[in-house]
Amino acid sequence: IEMGPEHYDEVLECLRDKIDRRYEINSANPGGASFEKVAKVYSRMASVHEKRREFDQAIEMYNKSLTEDNSRFTRNALRELERAKEKHEKESYVDPAK
């Protein structure tokens, strides 16, 4: 497993590939790409976007995850992300020089 900010693009590309191939995975292996697994992939994509401070894309991925599987973990993560986005926007508005 590759970790760290330098590998985020590779991780996102791999996860997008999994999403694109979910139907062929499902036909080859029944139950292979269940709604819960697809939701987990979207949550992982959201996590990467969140670490990159790409809040809008992260929110979009969490919402897609909730569409696939409405889990408590994802709802809580989305709520925390929205708070973090709001805090980040407020902090970027403040001028530390004043």
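**Describing the overall build of the chain**
Summing up its helical and strand segments, the chain has 5 helices and 0 strands in all. In the chain, the order of α-helices and β-strands from amino to carboxyl end is α-α-α-α-α. If one aligns the C-alpha atoms of the chain with their principal axes, the spans along those axes are about 60 × 30 × 20 Å. Looking at the chain as a whole, 31% of its 98 residues qualify as buried.

**As for helix α3 (residues 35-51)**
If you check α3, its first and last C-alpha atoms are 24 Å apart, about what 17 residues at 1.5 Å a residue would give, namely 24 Å. Buried residues in α3 make contact with α1 (8-20), α2 (22-28), α4 (55-68) and α5 (72-93). Following α3 by one or two positions, R53 adopts a phi angle in the positive range, close to 65°.

**Some words on unusual backbone geometry**
In this structure, R53 is a non-glycine residue whose phi angle is positive, near 65°. Mapped onto the fold, R53 is located in the loop between α3 and α4.

**Things to note about the confidence of the model for the chain**
Put simply, the chain has an average pLDDT of 88, and 92% of its residues get 70 or more. Looking at the elements of the chain, mean pLDDT is at its lowest for α2, recorded as 79, and at its highest for α4, recorded as 96.

**Some words on the packing of α3 against α4**
It is the contact of α3 with α4, at a shortest axis distance of 8 Å, that shows an interaxial angle of 170°. Accordingly, the angle class assigned to the pair α3 and α4 is roughly antiparallel. Across the interface between the two elements, F35, V38, A39, Y42, S43, M45, A46, S47, H49 and E50 of α3 pack against Q57, A58, M61, Y62, K64, S65 and E68 of α4. Looking at the contact of α3 with α4, its residues break down into 9 nonpolar, 5 polar and 3 charged.

**Quick look at the pattern of salt bridges**
If charged atoms from side chains of opposite charge come close, those side chains can pair. If you walk through the whole model with that rule in mind, you get 9 salt bridges. Between E24 and R21 there is a salt bridge, with its nearest N and O atoms 3.6 Å apart. Here D56 makes a salt bridge to K85, at a shortest N to O gap of 2.7 Å. In this pair, D56 sits in helix α4 while K85 sits in helix α5, placing the two residues 29 residues apart along the sequence. Assessed through its relative accessible area of 51%, D56 is described here as exposed. Connected through shared salt-bridge partners, D17, R21 and E24 make up one network.

**Section: the side chain of R22**
You can see R22 is positioned in helix α2. Within polar-contact distance, the side chain of R22 engages the side chain of Y23 at 3.2 Å. The residues contacting R22, other than those within four sequence positions of it, are A33, V38, Y42 and E68.

Calculation notes
- Residues numbered from 1 in each chain as written.
- Predicted model: local features only at pLDDT ≥ 70, side-chain atom pairs only at ≥ 80, totals over all residues.
- Heavy atoms only, no water.
- Helix = DSSP H or I, 4+ residues; strand = E, 2+ residues; numbered from the N terminus.
- Buried < 20%, exposed > 50% of the residue type's maximum accessible area, 1.4 Å probe, protein only.
- Expected span 1.5 Å × (residues − 1).
- Contact = heavy atoms within 4.5 Å.
- pLDDT = per-residue confidence, 0-100.
- Axes fitted to C-alpha atoms, helices over the stretch in contact; angles between N-to-C directions.
- Parallel < 35°, antiparallel > 145°, perpendicular 65-115°, else oblique.
- Nonpolar A, V, L, I, M, F, W, Y, C, P; charged D, E, K, R; others polar.
- Salt bridge = Lys/Arg side-chain N within 4 Å of Asp/Glu carboxyl O.
- Polar contact = N/O pair within 3.5 Å; in protein donor to acceptor, adjacent residues only side chain to side chain.

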